[in-house]
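Okay, here's what each chain looks like letter by letter:
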Amino acid sequence: AYLGARRARVPFVLWATIWRHPRTAAHALSYLPLRHLYRHADAIATYGPHVSAYVRAKGARGAVVEAPQSVDDAFWSAPASPRREAPFQALFAGRLEGEKGLSVLLDAWRATRTPASDGALVLVGDGPFRARAVALGAVAPGRLPAAEVRNFYAGSDVVVVPSIPTRDFLEPWGLVVNEAFDQGVPVIATTAVGAAAGGLVAHERTGLVVPAGDAAALAAALTRVAADPVLRARLGAAGRAAVSAGHAHADWAAGMGRALAAAGAERRC
């Protein structure tokens, strides 16, 4: 695409999606070509300050413009029929894979020693950790339609995004954060989650941020949230306000428009 744009003498805008280059042999081959794109793109659109900082560190010379990650706010903020399995409910939604921090989450939940009569860990999604989660007492209904996922958000007290970094993965953002905030549900995220590095999950303001891979810290955060309904209400309200104040589809479109303008596309198209 880059070579075609240069040959046709049209602006080239790069949509940057990573904030650390994967550390595998295959990805090593793409490092220098990608760095060339960072340095020679007419403009770069990112979805948060963590990605902007990364591409600037790699030598970006053109404009770097942020087009924030967004979801369908009208859908995810709509009234739902709450699905609750216990008086306190913690929810994970996504792929039940190792890189998503499921092992850490299960260890943390076990460390809270929450009786089944008082609390439930719900894992919506599918993957290799589902059987282990069920064996440890978690509720794991599998993959669900979006409306049912929304019901689980509405019935939960906190959404947990426990992703960990691996050689070939670093959570780019975590759109479940936007979805949870649309329902006014606070989030506990790790430092390896883009939505935390990018500022949407702000520690003690819209959620709690814990070190990636630290089961003890995650357990402490879960225990704290479970014991403090006032904290949950404050964080949830702040999260709803934050996502509505700059993370809508219109905000993403406006950011992409600024990137195109910075590259001179509006003068040529």
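Description of the structure in this document. (Residues numbered from 1 in each chain as written. Predicted model: local features only at pLDDT ≥ 70, side-chain atom pairs only at ≥ 80, totals over all residues. Heavy atoms only, no water.)

Let's shift gears to the overall build of the protein. Within the protein, the regular secondary structure consists of 13 helices and nine strands. Taking 2.2 N^0.38 as the reference for a compact globule, 269 residues should give roughly 18 Å; the C-alpha atoms of the protein span a radius of gyration of 20 Å, in line with that estimate. In terms of overall dimensions, the protein has a C-alpha envelope of 65 × 40 × 30 Å along the principal axes. Restricting the contact set of the protein to residue pairs at least 6 apart, pairs at least 24 apart contribute 68%. (Helix = DSSP H or I, 4+ residues; strand = E, 2+ residues; numbered from the N terminus. Rg over C-alpha atoms; globule rule 2.2 N^0.38 Å. Contact = heavy atoms within 4.5 Å.)

A few words now on the packing of aromatic side chains. Tallying each qualifying case throughout the model produces eight aromatic pairs. Aromatic side chains Tyr47 and Trp173 sit 6.1 Å apart centroid to centroid with 85° between the ring planes, which places their arrangement in the edge-to-face category. Pair noted here: Tyr47 is in the loop between β2 (43-46) and α3 (49-57) and Trp173 is in the loop between β7 (158-161) and α8 (176-182), with a separation of 126 residues, a long-range link. By the burial criterion, Tyr47 is buried, and Trp173 matches it. Aromatic rings pair up to connect Trp15, Tyr47, Trp173 and Trp252 into one cluster. In this structure, Arg95 is placed above the aromatic ring of Phe169, and the distance from its NZ or CZ to the ring centre is 6.0 Å. One Lys or Arg, Arg150, reaches over the ring of Phe75 and ends 4.2 Å from the middle of that ring. (Phe/Tyr/Trp six-rings, centres within 6.5 Å; stacked < 30°, edge-to-face > 60°. Buried < 20%, exposed > 50% of the residue type's maximum accessible area, 1.4 Å probe, protein only. Lys NZ or Arg CZ within 6 Å of the ring centre and 35° of its normal.)

Attention now goes to unusual backbone geometry. A positive phi angle, close to 60°, is found at Arg9, a residue other than glycine. As for its placement among the helices and strands, Arg9 is situated in the loop between α1 (2-8) and β1 (13-15). By relative accessible area, Arg9 is classed as exposed at 69%. Although it is not a glycine, Glu204 sits at a positive phi angle of roughly 70°. Within the secondary structure, Glu204 sits in the loop between α9 (194-197) and β9 (207-210).

As a further point, take the nonpolar core. Of all hydrophobic cores here, the largest spans 43 residues; its most connected members are Tyr153 and Val187. Ranked by residue count, the leading element in this core is α8, at four residues. Setting aside residues up to four positions removed in sequence, Tyr153 forms contacts with Trp76, Leu91, Ala93, Val159, Val176, Glu179, Ala180, Gln183 and Val185. Residues Leu102, Ala138, Val210 and Leu222 belong to the second largest nonpolar core, which totals 28 residues. (Core = buried A, V, L, I, M, F, W, Y, C linked by side-chain atoms within 4.5 Å.)

On to the packing of helix α10 (residues 215-227) against helix α11 (residues 229-244). The interhelical angle for the contact between α10 and α11, taken along N-to-C directions, is 100°, at an axis separation of 5 Å. In terms of orientation, α10 and α11 fall into the roughly perpendicular class. Where α10 approaches α11, its residues Arg224, Val225, Ala226 and Ala227 are matched on the opposing element by Pro229, Leu231 and Arg232. Within the contact of α10 with α11, the residues separate by chemical class into five nonpolar, no polar and two charged. (Axes fitted to C-alpha atoms, helices over the stretch in contact; angles between N-to-C directions. Parallel < 35°, antiparallel > 145°, perpendicular 65-115°, else oblique. Nonpolar A, V, L, I, M, F, W, Y, C, P; charged D, E, K, R; others polar.)

Attention shifts here to the pattern of salt bridges. Taken as a whole and judged by the stated rule, the model has ten salt bridges. Of the charged contacts in the structure, one is a salt bridge between Asp42 and Arg6, with a shortest N-O distance of 3.1 Å. Here the residue Asp42 occupies a position in the loop between α2 (25-40) and β2, and Arg6 occupies one in helix α1, the gap between them amounting to 36 residues. For Arg6, a relative accessible area of 31% translates into the label partly exposed. Put simply, Arg130 and Asp126 hold a salt bridge, and the shortest N to O gap is 4.0 Å. Residue class for Asp126 comes out partly exposed when judged on its relative accessible area of 32%. (Salt bridge = Lys/Arg side-chain N within 4 Å of Asp/Glu carboxyl O.)

Purely spatial values, then, with no claim about function.
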